[in-house]
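Chain residues, written in single-letter form:
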Amino acid sequence: MPEPTSLAAEIVAVRWRADDGGFAVLAALGDDGAELVLTGAIGHLHEGDTVEVDGTWRDHPRFGRQLHVQHARIGPPASDDALRALLASVTHVGPRGAEWLVERHGDQVLEIVDRDPGARLREVPGIGRARLRAAVASWQEQAGGRALRLVLSEHGVPEAVAARVMKALGGGALALLESEPYALARVEGIGFATADAVARALGTPADDPGRIDAGLHHALRAAEQDGHCFLGREELLARATRLLELPAPVVTARLPDAGLVLDGDRVIEPRMDRVERGLAERVLELAQAPPTLDVEVPEVPDPDQEHPPTPTQWRAVQAAAEHRLSILTGLPGTGKTATMRALVDLLRAQRRTVRLCAPTGKAARRLSETTGAEATTIHRLLEWSPGEGFLRDAGDPLTGVDLLVVDEASMLDVRLAAALLDAVGPRTHVLLVGDVDQLAPVGPGRVLEDLIASGVAPSTRLTEVFRQAARSLIIRAAHAIDRGEAPPTRAQPDDLRDFFLVQRDSAQAVFDEVVSLAVGRLPAHYDLDPVADLQVLVPMHRGPVGIDALNAELRERLNPDGRAVKGTAFRLGDRIMQTRNNHERAFYNGEIGVIVNDDPGRGTLTLVGDDGRRLTLDRNETGTLRLAYACSVHKMQGSQAPAIVIALARGHAPMLTRNLLYTAVTRSQTACVVVAEHGALEQALARVDASRRNTRLVGLLA
């Protein structure tokens with residue numbers, strides 16, 4: 001167990017501070033003169049600060065004994081030097097201005113400037129009218145931070161929480177929270193637990209109406225992570241009651257006045273209500289609009305083509321030309337890509353403009369390769385701007401596009417689908433292409449499935465497996481899994497033996513087999529780079545056969561000597577994955593790369609993406625990267641790899657479904673190996689995605 005302690009110290013040096021001012025490593029002297037190293041969310045502390053800290057001792061393998069700080073109470077500056085250092089940290093004040101302020105106002109300088117920052121800072125030499133606003137803002141930010149942290153520390157709120165509050169709300173956080181304690185719960189990235197800890201520390205009672213409202217709203221937002229667009233009244237009340245730890249009647253009585261949308265027995269968060277209704281209205285508008293695509297589509301395709309489309313494929317081409325909104329779906333090997341290619345060729349031959357897009361960068365690049373037309377991500381198509389959102393919308397729609405093809409449409413959640421269709425211009429047709437048997441979107445809703453179920457737009461389902469595709473055991477395994485049947489493993493003489501099933505007696509045996517395959521046997525047999533060309537897929541993060549355990553072992557086997565990248569948890573040569581969209585670098589959630597270089601002087605690292613791109617990231621952008629020798633199936637949606645190894649253990653039971661296994665198998669391009677503990681494969685095949693999603697789209701389209 002970590003050793004807890006409390007002590008007083010003076011900060012003597014900042015060894016390292018994160019660019020966002022949060023985490024820091026500080027050198028300090030204890031009140032007994034002992035040299036200390038403090039770590040934690042203490043980036044707000046400066047040289048010369050005197051603090052009382054609570055924390056736990058930890059022994060770092062490289063840097064020795066450190067005190068990880070949970071709470072820090074800042075005292076007044078311990079010396080004139082400390083006071084000058086604090087003043088000098090204010091924008092445009094600097095060391096000379098700090099010296100002038102101390103000489104002018106003495107040791108009461110903080111209180112004097114706090115009373116009228118504008119007037120007092122305007123007097124400082126070098127701060128003219130042009131610099132005054134920035135200087136005052138910096139002073140108020142620091143003063144507000146000092147006051148907030150003092151209040152929070154008095155109520156036992158950890159430094160890590162205080163740092164997140166400051167980052168989210170800035171110097172005016174204390175005044176805002178005193179008037180509206182649960183404003184923090186509405187800030188993206190700050191959970192209810194953090195907001196509740198702060199509000200309760202500020203004296204908000206447990207049964208305060210604002211607290212109950214925040215808990216109800218949070219329960220609905222949390223349900224979105226399970227794919228739901230609403231919750232039934234009783235389910236919402238049960239979740240909120242558990243969260244708030246209040247009697248059910250108290251929570252129930254507040255529901256009508258909590259600012260939520262009540263639709264019969266369904267309760268919807270207002271923003272989600274607007275998104276779902278807006279999506280339904282836009283779908284109906286497109287579905288009922290007359291066609292605008294002036295092209296000639298023959299009754300039958302040209303029979304002289306090398307691979308002419310089948311009648312069913314051609315019906316999909318005709319539907320796309322004759323309707324503003326249409327859908328194409330089907331399992332692997334049924335010719336969805338060939339149909340898209342035939343449609344693109346037809347329109348280009350008649351000088352029509354086609355744009356192709358997909359939810360992920362990897363899917364967009366694959367779409368471009370297979371159709372011969374340029375494709376992009378949906379975010380890039382809609383010109384996403386950080387802090388502003390999508391620049392393309394109903395007020396500034398996509399223009400000059402005759403047909404928009406959206407691949408991997410099964411990945412569209414309600415928000416992305418609404419934004420996409422909202423930006424479709426008045427003369428653009430839309431074709432949605434996807435496989436509804438794959439995993440549902442990570443976000444809320446099941447848009448493609450609901451659109452097909454509603455029947456408002458023509459939908460073509462391809463079922464014929466083409467002869468060349470049928471030779472692949474991967475394709476046949478995917479179809480068998482989709483039917484709930486055991487995948488075939490015996491190959492006929494003309495078959496491609498690219499799918500394998502290995503069964504083992506225990507979780508440990510599964511773990512060992514996966515590592516053996518990924519590290520040596522598969523790369524050697526198929527002449528693949530084990531880091532760049534092979535992906536291990538696992539249903540869960542934790543456990544003996546979890547993503548975390550496999551990543552640790554695979555890294556030690558594949559990259560044991562990689563040099564540590566300073567300021568990160570990574571090594572040169574690590575396989576990593578982006579877990580959030582980084583639009584500025586065009587490096588998107590689920591994309592994978594290998595770290596090939598770092599520049600400690602500039603604070604950057606360079607990686608090569610799985611598409612061959614070289615990307616340079618600042619060190620403060622690495623917080624959204626994770627090791628990716630192994631990853632979840634959800635994170636690989638829309639992507640593929642030459643070789644896939646799938647680990648299935650009985651301990652994965654909560655996640656084992658037919659849809660998950662089907663999606664995992666269809667991520668492979670050259671080879672796929674399923675390593676299953678006895679009984680785990682049968683569990684997966686027996687369950688279709690168990691989590692039915694609460695959506696209203698079908699009803700809103702009726």
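Every chain is numbered independently, its residues counted from 1 as its sequence is written. Where local features are concerned, this predicted model is filtered to residues with pLDDT of at least 70; where side-chain atom pairs are given and counted, the filter is 80 or more; whole-chain, interface and lining totals use all residues. Excluding hydrogens and water, the side-chain values take into account all heavy atoms of the structure.

## Comments concerning the sheet that holds strand 7 (residues 261-263)
In a beta sheet, neighbouring strands pair by backbone hydrogen bonds and run either parallel or antiparallel.
For step 1, the next point in the chain: The rule for pairing is simple: two strands pair if DSSP sees at least two bridges between them. Comment: elements are numbered from the N terminus, with helices defined as DSSP H or I runs of at least four residues and strands as E runs of at least two. One open sheet accounts for three strands, arranged 6-8-7; its pairing is antiparallel. Every interior strand has two partners, whereas the edge strands, strand 6 (231-232) and strand 7, have only one.
For step 2, the next point in the chain: Examined bridge by bridge, strand 6 and strand 8 (residues 266-268) share two bridges and lie antiparallel to one another. The residue bridging Gly-232 from the neighbouring strand is Arg-266, located in strand 8.

## Some remarks on the layout of surface pockets
Using a probe with the size of a water molecule, rolled over the atoms, empty space left in the structure can be pinpointed.
For step 1, the next point in the chain: Put simply, the grid is 1 Å and covers the protein atoms alone, a cavity is a trapped set of points that fit a 1.4 Å probe, a pocket is an open set with protein on both sides within 12 Å along at least five of seven lines, and lining residues have an atom within 4 Å of a point. Grid points are joined across faces, edges and corners, and a volume is the space filled by probe spheres set on the points. In this structure, the second largest pocket spans a volume of roughly 1500 Å³.
For step 2, the next point in the chain: Lining the second largest pocket are 49 residues, and of these Gly-333, Gly-335, Lys-336, Thr-337 and Ala-338 sit closest to its centre.
For step 3, the next point in the chain: No other element matches helix 14 (residues 336-349), which puts nine residues into the lining of the second largest pocket.
For step 4, the next point in the chain: Polar here means any residue other than Ala, Val, Leu, Ile, Met, Phe, Trp, Tyr, Cys and Pro, which are nonpolar, and Asp, Glu, Lys and Arg, which are charged; Gly is therefore polar. Residues of the lining of the second largest pocket, tallied by class, amount to 19 nonpolar, 17 polar and 13 charged.
For step 5, the next point in the chain: As annotated, the domain borders come from an automatic or database domain assignment. Both of domain 3 (273-464) and domain 4 (473-592 + 619-686) provide at least three residues apiece to the lining of the second largest pocket.

## Points about the UniProt feature "binding site: ATP" (unreviewed entry) in the chain
For step 1, the next point in the chain: Those places that UniProt annotates as "binding site: ATP" (unreviewed entry) correspond, in this numbering, to Gly-333, Thr-334, Gly-335, Lys-336 and Thr-337. Considering only the annotated residues already named, the ones lining the second largest pocket are Gly-333, Thr-334, Gly-335, Lys-336 and Thr-337.
For step 2, the next point in the chain: Buried means the residue's accessible area, taken with a 1.4 Å probe over protein chains only, is under 20% of the maximum for its type, while exposed means over 50%, and partly exposed covers the values in between. Residue Gly-333 is classed as partly exposed on the basis of its relative accessible area, which comes to 21%.
For step 3, the next point in the chain: Apart from residues lying up to four places away in sequence, Gly-333 is in contact with Glu-464, Val-465, Phe-466, Ala-469 and Ile-475.
For step 4, the next point in the chain: With respect to the helices and strands, Thr-337 occurs in helix 14. UniProt positions are given in the numbering used here, feature names are shortened, and annotations may be inferred rather than shown by experiment. In this description, contact between two residues means that some pair of their heavy atoms is separated by no more than 4.5 Å.

## Observations concerning the sheet that holds strand 16 (residues 459-462)
For step 1, the next point in the chain: Here we have six strands laid out as an open sheet, ordered 11-10-14-15-9-16, and parallel in their pairing. Two strands close off the open sheet at either side, each with one partner strand: strand 11 (375-377) and strand 16. Averaged over all pairs of adjacent strands, the angle between strand axes in this sheet comes to 20°, irrespective of strand direction. Angular values range over 0 to 180 degrees, each being the angle between N-to-C directions of two axes fitted as lines to C-alpha atoms, with helices fitted over their stretch in contact.

## Examining the pattern of salt bridges
For step 1, the next point in the chain: Note on definitions: salt bridges are taken to be side-chain nitrogens of Lys or Arg within 4 Å of carboxyl oxygens of Asp or Glu. All chains considered together, the criterion is met by 33 salt bridges.
For step 2, the next point in the chain: With its nearest N and O atoms 3.2 Å apart, the salt bridge here joins Arg-266 to Asp-263.
For step 3, the next point in the chain: Arg-266 gets classed as partly exposed once you look at its relative accessible area, which sits at 30%.
For step 4, the next point in the chain: Its relative accessible area of 24% is what places Asp-263 among the partly exposed residues.
For step 5, the next point in the chain: Across the pair Arg-571 and Glu-556 runs a salt bridge whose closest N-O atoms are separated by 2.7 Å. Residue Arg-571 is found in the loop between helix 22 (547-558) and strand 19 (575-578), and its partner Glu-556 is found in helix 22; the two are separated by 15 residues along the sequence.

## Quick look at the nonpolar core
Buried together is how nonpolar side chains tend to be arranged in soluble globular proteins.
For step 1, the next point in the chain: Grouped together as the largest cluster of nonpolar side chains are 37 residues, with contacts concentrated most on Leu-279, Leu-404, Val-406 and Leu-432.
For step 2, the next point in the chain: Mapped onto this core, the elements with two or more residues apiece are helix 12 (270-288), strand 9 (325-330), helix 16 (378-381), strand 14 (403-406), helix 17 (414-422), strand 15 (429-434), helix 18 (447-454) and helix 25 (697-701).
For step 3, the next point in the chain: Broken down by element, this core gets its largest block of residues, seven residues, from helix 17.
For step 4, the next point in the chain: Viewed by domain, this core spans two of them, domain 2 (205-268) and domain 3 (273-464), each represented by three or more residues.
For step 5, the next point in the chain: If we ignore the near neighbours within four places in the chain, the residues touching Leu-279 are Val-414, Ala-417, Ala-418, Leu-421, Val-447 and Leu-697.
For step 6, the next point in the chain: If you look at the next biggest cluster of nonpolar residues, it comprises 32 residues, including Phe-499, Val-665, Ala-680 and Leu-685. By nonpolar core we mean a set of buried residues, namely Ala, Val, Leu, Ile, Met, Phe, Trp, Tyr and Cys, connected to one another through side-chain atoms within 4.5 Å.

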